[in-house]
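Here is what each chain is made of, one letter per residue.
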Amino acid sequence: MRIGHGYDVHRLVPGRALVLGGVNIPFDLGLDGHSDADVLVHAVMDSLLGAAALGDIGKHFPDSDPAYKGICSMRLLEHVAALLEQAGYRLGNLDVTMIAQQPKLRPYIFQMTANLAAALHTDPGRINIKATTEEGLGFTGDGSGMACHAVCLLEER
């Protein structure tokens with residue numbers, strides 16, 4: 001068994017879509033980044049890559065590479081899933097905590113979970129996603145950004 005932790009943060013800006021866990025969420029702001037800036041998927045990928053000792057998303061998908069400009073992070077997650085399979089690992093479980101003052105994310109968690117499970121070729125019951133606010137504190141609390149933590153357990157196939 002191997003454990004990994006991932007963390008990512010992005011600034012909220014006007015004129016961008018808000019995409020979390022591969023779900024387009026109606027909101028007046030979106031996350032700024034080189035790709036679609038899906039902070040949830042980025043944290044998940046870093047936890048998986050870390051658990052398998054395969055580096056991080058910056059190593060595999062550098063923001064200096066124009067091939068990843070605007071790319072859907074779910075496509076990148078599918079690539080990470082293939083790397084894990086090649087390395088002989090499968091997901092034991094994944095626990096994700098989104099940190100955002102708004103919008104409320106509960107209505108989207110079921111679809112986010114289904115999206116991650118499909119990309120990782122696993123049962124949705126192995127994935128838990130939750131969301132919290134920071135009660136108005138810090139950059140997530142004042143609404144200027146969002147953050148995400150992800151912890152995973154990988155098992156050998």
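Look above for the structure.
Residues numbered from 1 in each chain as written. Predicted model: local features only at pLDDT ≥ 70, side-chain atom pairs only at ≥ 80, totals over all residues. Heavy atoms only, no water.

### Quick word on the overall build of the protein chain
- The helix and strand inventory of the protein chain stands at five helices and seven strands.
- If you list the helices and strands of the protein chain from N to C, you get β-β-β-β-α-α-α-β-α-β-α-β.
- For 157 residues, the compact-globule estimate of 2.2 N^0.38 gives 15 Å, and the C-alpha radius of gyration of the protein chain, at 15 Å, lies within 12% of that figure.
- Along the three orthogonal principal directions, the C-alpha set of the protein chain runs to about 40 × 35 × 25 Å.
- Taken across its 157 residues, the protein chain has 48% of its residues classed as buried. (Helix = DSSP H or I, 4+ residues; strand = E, 2+ residues; numbered from the N terminus. Rg over C-alpha atoms; globule rule 2.2 N^0.38 Å. Buried < 20%, exposed > 50% of the residue type's maximum accessible area, 1.4 Å probe, protein only.)

### Comments concerning helix H4 (residues 109-120)
- Spanning twelve residues, H4 covers 16 Å between terminal C-alpha atoms, matching the ideal 16 Å at 1.5 Å per step.
- Listing the buried residues of H4 in full gives Ile109, Met112, Thr113, Asn115, Leu116, Ala117, Ala119 and Leu120.
- Elements that come into contact with the buried residues of H4 comprise strand E2 (18-20), strand E3 (23-25), helix H1 (39-51), helix H3 (73-86), strand E5 (89-99) and strand E6 (127-132).
- Phi turns positive one or two residues past the end of H4, at histidine 121, with a value near 55 degrees. (Expected span 1.5 Å × (residues − 1). Contact = heavy atoms within 4.5 Å.)

### A closer look at the sheet that holds strand E1 (residues 2-13)
- The five strands are arranged E4-E1-E7-E5-E6 in an open sheet whose pairing can be described as mixed. Only two strands of the sheet have a single partner each, and these edge strands are strand E4 (30-31) and E6.
- As paired elements, E1 and strand E7 (residues 145-156) share ten bridges and run antiparallel to each other. Following the sheet pairing, arginine 11 is matched in E7 by glycine 145.
- Running over the sheet, H1 touches E1, E4, E5, E6 and E7 and is turned about 155 degrees from E1.
- Across the sheet, H4 lies against E5 and E6, angled at about 140 degrees from E6, the strand it touches most. (Pairing = 2+ DSSP bridges. Axes fitted to C-alpha atoms, helices over the stretch in contact; angles between N-to-C directions.)

### Considerations on the pattern of salt bridges
- One pass over the full model with this rule turns up two salt bridges.
- A salt bridge links glutamate 155 to arginine 90; the nearest nitrogen and oxygen atoms lie 2.9 Å apart. You can see glutamate 155 sitting in strand E7 and its partner arginine 90 sitting in strand E5, a full 65 residues away along the chain.
- Measuring nitrogen to oxygen at the nearest pair gives 2.6 Å for the salt bridge that ties lysine 130 to aspartate 95. One end of the pair, lysine 130, is in strand E6; the other, aspartate 95, is in strand E5, and 35 residues separate them in sequence.
- Of the residues examined, lysine 130 reaches a relative accessible area of 31% and is grouped as partly exposed. (Salt bridge = Lys/Arg side-chain N within 4 Å of Asp/Glu carboxyl O.)

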